[in-house]
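Analysis of the macromolecular model
The lines below spell out each chain.
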Amino acid sequence: MTDRIVILGAGMAGLGAAHRLRAEHPEGPALDVKLVDKKTYPGGHAASFRRATPAGDFIFDDGPHISFTRDPRIQALFADNVDGAFEALHTRVDNLWQGFRIKHPAICNLHGLPTSLVVEILRDFVDSRQSARGDGDAPAPADYEQWLIAAYGRTFAETFPTVYGRKYHTAPARAMTTDWLGPRLYRPDLEEVLRGALEPETPDVHYVSHFRYPTRGGFEAFLRPFVEASTLELGREIVGIDPGRRRLSFADGELRSYDRLISSLPLPVLIQLIDGAPRDIREAADRLACTSCVLVDLAVDREDVSDTHWTYFYDEDLIFTRVSFPHLLSPHNAPAGTSTIQAEIYYSDKYRPLGTTAEGTSPEDHIEPTIRDLRKAGVLRDDDRILLRHAGLIPWANIIFDQDRPAALEPIFGYLEELGIATAGRYGRWGYHWTDESFKSGEEAAQQILDRL
Ligand SMILES: Cc1cc2nc3c(=O)[nH]c(=O)nc-3n(C[C@H](O)[C@H](O)[C@H](O)COP(=O)(O)OP(=O)(O)OC[C@H]3O[C@@H](n4cnc5c(N)ncnc54)[C@H](O)[C@@H]3O)c2cc1C
């Protein structure tokens, strides 16, 4: 009999799992593989949305999405999926701090900031390097706050990344670990910092130096053929999993048996769905923290609102953390002569619950404050005509790497392994996965299942 494999979630990870299972039998379906998602559209976070207005159609992704994978295999897969029709762009990113606009990363581009601040940053940066050199046996920084101070000196750490981090991760830096950093925070040497303080032009050192984006159809176009090749059941929410009988319950009352299960659902959701999950496992899942994101999408009747693909905002009196400009990713994302703006505003149940700020609980309540602050920041002008305004909530956005995470994950993964449930993706592996990594973790989960067959 053919094994019935159910993949929960039809985002990058679920599609990666289905892709790997298809590759096992390229000539036809020897495996019975179904992808199930509660959303009525495929792609999960990698989906794109076309919004029609009298001024024309605008394309927005579910949060800014670009492909900067360095994996040649994934680059080739994505390129094939759009028949080579993608934009290959050189990344332009900047920062706004108290009205000063500087290139990213800020530590290498201090030129133009107030002299007294630059002097303090340089003094602390030199001190931090000297103490690092003089204390070779010092223990590794215990948390992200200490790491920032050790890496950049106190003034820069407290003026820039600590404040930005609070807006982006919602958790204080001292509550966070450092295992997620990888290449995300650039560590320059003294010469680079000094040059950037003295000269307006600096080399590009952002870890995303180049990226690709589909010419038509938004980011989602990169996955369309994966979707078309898969057997999908959309609009089908799973509300229970009986691992003993290997049976799934759907919101519409259907019960369905499975032989193998791959899940890309957020771990706290998955654990809640499992009948008889032990109390300690449920409690561990409750300790996992993730941000949610209110996205405000705007379109305006002017094409030059930004020179950069996105901007980081450090001021706590500006509601948004990051603002990106989708019309700069492809000329087909917006009609000629217009611009699009996507602002991200972060919350988390654990550290900054939605509804505890002046903006209230509804995403729509964030639209006017976003427009107000875009004017304050000089992105919008008073006379800009707004052609489209839309707000939505991404309930699962970025995993928070807080101190509770490692200890909570260990028993959860052990338990799921005992049950034979393979997990994949950003929320199934509870990591910082980008789209390529989510896709590959789906392939790996499928491989585990194939190994067991
Ligand atoms: C704001 C933001 C910006 C990002 N920018 C980039 C970028 O520029 N480049 C990049 O490479 N990556 C980016 N990422 C990361 C990228 O979005 C993820 O790596 C990837 O989309 C995650 O895919 P996934 O399949 O693991 O999860 P998801 O896409 O979340 O898929 C999980 C699916 O499970 C479904 N589901 C949940 N509960 C149930 C249930 N009970 N029953 C049935 N189905 C259920 C959900 O509907 C969802 O579709 C960004 C992420 C965010 C949040």
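Rules and cut-offs
- Residues numbered from 1 in each chain as written.
- Predicted model: local features only at pLDDT ≥ 70, side-chain atom pairs only at ≥ 80, totals over all residues.
- Helix = DSSP H or I, 4+ residues; strand = E, 2+ residues; numbered from the N terminus.
- Rg over C-alpha atoms; globule rule 2.2 N^0.38 Å.
- Buried ≥ 20, exposed ≤ 12 C-beta atoms within 10 Å, placed from the backbone.
- Near = placed C-beta within 6 Å.
- Nonpolar A, V, L, I, M, F, W, Y, C, P; charged D, E, K, R; others polar.
- Domains from an automatic or database assignment.
- Contact = placed C-beta atoms within 7 Å.
- Pairing = 2+ DSSP bridges.
- Axes fitted to C-alpha atoms, helices over the stretch in contact; angles between N-to-C directions.
- Parallel < 35°, antiparallel > 145°, perpendicular 65-115°, else oblique.
- Left-handed = near helix turned anticlockwise from the far one by under 90°.
- Core = buried A, V, L, I, M, F, W, Y, C linked by C-beta atoms within 7 Å.

It is worth spelling out the overall build of the protein chain at this point. Of the regular secondary structure elements, the protein chain holds 14 helices and 19 strands. A compact globule built from 453 residues should have a C-alpha radius of gyration of about 22 Å, and the protein chain, at 23 Å, falls within 12% of that. Overall, the protein chain is about 75 × 60 × 45 Å in size when its C-alpha atoms are taken along their principal axes. Looking at the protein chain as a whole, 42% of its 453 residues qualify as buried.

All right, on to the site of the ligand then. Looking at the ligand, there are 36 residues lining it, with Gly9, Gly11, Gly44, Gly63 and Gly425 nearest. For the shell around the ligand, the secondary structure elements donating two or more residues are helix H1 (12–24), helix H13 (425–428) and helix H14 (435–452). Split by residue class, the shell around the ligand holds 16 nonpolar, 14 polar and 6 charged. Counting the residues that make up the shell around the ligand, at least three belong to each of domain 1 (4–42 + 230–288 + 402–452) and domain 2 (47–104 + 206–217 + 291–398).

Histidine 104 connects to proline 105 through a cis peptide bond whose omega is -5°. We note that glutamine 98 has phi near 45°; this positive angle belongs to a residue other than glycine. Residue position: glutamine 98 is located in the loop between strand S6 (93–97) and strand S7 (100–103). Although it is not a glycine, arginine 246 sits at a positive phi angle of roughly 55°.

Take serine 264: it is sitting in the loop between strand S13 (260–263) and helix H9 (267–273). Residues serine 264 and threonine 215, 49 residues apart in the sequence, show an inter-C-alpha distance of 28 Å. Setting aside chain neighbours within four positions, we find serine 264 in contact with Leu8, Gly9, Gly11, Ala13, Gly14, Ala424, Gly425, Tyr427, Gly428 and Gly442.

So, about the environment of isoleucine 367. Inspection of the secondary structure assignment puts isoleucine 367 in helix H11 (residues 367–376). Of the residues examined, isoleucine 367 has 20 C-beta atoms within 10 Å and is grouped as buried. As a C-alpha pair, isoleucine 367 and glycine 355 span 12 residues in sequence and 15 Å in three-dimensional space. Dropping the residues within four chain positions of it, isoleucine 367 is found in contact with Val296, Arg389 and Ala391.

Below, the discussion takes up helix H6 (residues 161–169). For H6, the buried fraction is high: 7 of the 9 residues fall into the buried class. Along H6, the positions that sit buried rather than exposed are Pro161, Thr162, Tyr164, Gly165, Lys167, Tyr168 and His169. Of the residues trailing H6, threonine 170 is marked for its positive phi of about 70°.

Turning next to the domain arrangement of the protein chain. Per the domain assignment, the segments making up the protein chain are domain 1 (4–42 + 230–288 + 402–452), domain 2 (47–104 + 206–217 + 291–398) and domain 3 (106–198). Each of domain 1 and domain 2 has a C-alpha centre, and these two points are 29 Å apart. Each partner contributes residues to the interface: domain 1 has 6 residues there, and domain 2 has 7 residues. At 3 residues, H14 tops the list of elements feeding residues into the side of domain 1 that touches domain 2. A breakdown of the residues in the side of domain 1 that touches domain 2 according to their chemical character gives 4 nonpolar, 1 polar and 1 charged.

Next up on the list: the sheet that holds strand S11 (residues 247–250). An order of S10-S11-S12 is seen for the 3 strands of this open sheet, with the pairing classed as antiparallel. In this open sheet, the two edge strands, each paired with only one partner strand, are strand S10 (238–242) and strand S12 (255–257). Within the sheet, the average angular offset between the axes of one strand and its neighbour, ignoring direction, is 20°. As judged from the 3 bridges shared by S11 and S12, these two strands associate in the antiparallel manner. Bridging across to S12, arginine 247 finds its partner in serine 257.

Orientation of H1 relative to H14, taken along the N-to-C sense of each, is 45°, at an axis distance of 6 Å. Our classification of the angle between H1 and H14 gives oblique. For H1 against H14, the interelement crossing comes out right-handed. Contacts from Met12, Ala13, Gly14, Leu15, Gly16, Ala17, His19, Arg20, Leu21 and Glu24 in H1 reach Thr435, Ser438, Phe439, Lys440, Ser441, Gly442, Glu443, Ala445, Ala446, Gln447 and Leu450 in H14. When the residues that make up the contact of H1 with H14 are grouped by side-chain class, the tally is 9 nonpolar, 8 polar and 4 charged.

To continue, consider the packing of helix H10 (residues 279–287) against helix H12 (residues 405–419). Running from amino to carboxyl end, H10 crosses H12 at an angle of 130°, the nearest separation of the two axes being 9 Å. By the angle between their directions, the pair H10 and H12 is classed as oblique. At the point where H10 passes H12, the crossing takes the left-handed sense. Of the residues in H12, those touching H10 at Asp280, Ile281, Ala284, Ala285 and Arg287 are Ala408, Pro411, Ile412 and Tyr415. Class assignment for the residues of the contact of H10 with H12 results in 7 nonpolar, no polar and 2 charged.

Strand order in the open sheet formed by 5 strands is S9-S2-S1-S13-S19, and the pairing between neighbours is parallel. Single-partner strands in this sheet number two, and they are strand S9 (232–233) and strand S19 (421–423). Looking at chain direction, S13 and S19 are connected through 3 bridges and run parallel. The partner of leucine 261 across the bridge, within S19, is isoleucine 421.

Time to look at the nonpolar core. With 114 residues, the main nonpolar core has Ile5, Val6, Ile7, Ala17, Ile262, Leu267 and Ile341 as its most contacted residues. Here this core gets 7 residues from one element, more than from any other, and that element is strand S14 (residues 291–300). If sequence neighbours within four positions are ignored, isoleucine 7 has contacts with Gly14, Ala17, Ala18, Val33, Lys34, Leu35 and Ile262.

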